[in-house]
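Residue-level structural notes
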Amino acid sequence: KHGHGLEAKNTIDRPPRAHALLAGPDGALLVVARRPGDWLLRWRPGAAAEPQWAWAAPERAFNGHALSSADGTRLFTTETDLGSGAGLVGVRDARTLDLLAEWPTHGIDPHELLMDASGQLIVANGGVPTQPETGRAKRALARMDSSLVRLHAGSGQLLGQWRLEDQRLSLRHLARLPAGPLGIA
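The rules we used
- Residues numbered from 1 in each chain as written.
- Predicted model: local features only at pLDDT ≥ 70, side-chain atom pairs only at ≥ 80, totals over all residues.
- Heavy atoms only, no water.
- Core = buried A, V, L, I, M, F, W, Y, C linked by side-chain atoms within 4.5 Å.
- Buried < 20%, exposed > 50% of the residue type's maximum accessible area, 1.4 Å probe, protein only.
- Helix = DSSP H or I, 4+ residues; strand = E, 2+ residues; numbered from the N terminus.
- Contact = heavy atoms within 4.5 Å.
- Pairing = 2+ DSSP bridges.
- Axes fitted to C-alpha atoms, helices over the stretch in contact; angles between N-to-C directions.

**Remarks on the nonpolar core**
Core analysis: the biggest nonpolar cluster contains twelve residues, these being Leu67, Phe76, Val89, Val91, Trp103, Leu113, Met115, Leu121, Val123, Val149, Leu151 and Ala153. Of all the secondary structure elements, the ones that give two or more residues to this core are strand E7 (86-93), strand E9 (110-115), strand E10 (121-125) and strand E11 (147-151). Each residue touching Ala153, except ones within four places of it in the same chain, is listed here: Arg74, Phe76, Trp103, Met115, Gly119, Gln120 and Leu121.

**Considering the sheet that holds strand E12 (residues 158-162)**
Strand order in the open sheet formed by four strands is E9-E10-E11-E12, and the pairing between neighbours is antiparallel. Each edge of the open sheet carries a strand with a single partner, namely E9 and E12. Neighbour to neighbour, the strand axes of the sheet diverge by 20° on average, direction disregarded. In terms of strand pairing, E10 meets E11 through five bridges, oriented antiparallel. By the bridge assignment for E11, Asn125 is matched with Ser147.

**Comments concerning the pairing of strand E6 (residues 74-81)**
Of all eight residues that make up E6, seven are buried, and the element is covered over most of its length. Bridging between strand E5 (residues 60-68) and E6 involves six bridges; their strand directions are antiparallel. In the strand pairing of E6, Arg60 is matched with Asp81. Adjacent in sequence and paired antiparallel, E5 and E6 are bridged by five residues, among which Gly72 carries a positive phi angle near 80°. Note that E6 and E7 share seven bridges and pair antiparallel. When the sheet's bridge partners are listed, Arg74 is paired in E7 with Asp93. Hairpin geometry of E6 and E7 is characterised by an intervening segment of four residues between the two adjacent antiparallel strands and by a positive phi of about 85° at Gly85.

That is the geometry; function is a separate question.
Structure representation (structure tokens):
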């Protein structure tokens, strides 16, 4: 038992299928729902504190990944407008998980995002059109539009966009060494 009569927990019940984890400097984990998902969870394994939940706004879905801002005050989440299919970066208060702003990703089906060496956001737009009512059922693959975009981390302004020659390749996952090149899968 810990203070306040709460028992420390090393496991937690959650809605179906998480996708990505983001470790916080305080030992908390941010867990993001699989795409399309409707929840975020902040949890401190082994702590007595209650988990913190955030739910997607109506007509929005989380797309599996989140990233902390350089100063740790904001979280960036990849999201989709379910009505239009447009990709979004949700800008959230890192403490409360409240939505502060939404920025277009200039594509559809955004998935992972990271910061480049200069502190700007890189977003992988998977580019696969899907039907909101069926989750990940693909449609109109001839209209795939996968891209990599660079957004200003303070304003969301589009700084660059790149596409592969082969339209049928979907960009999803990203990795980067601290001062090195970008890896894309």
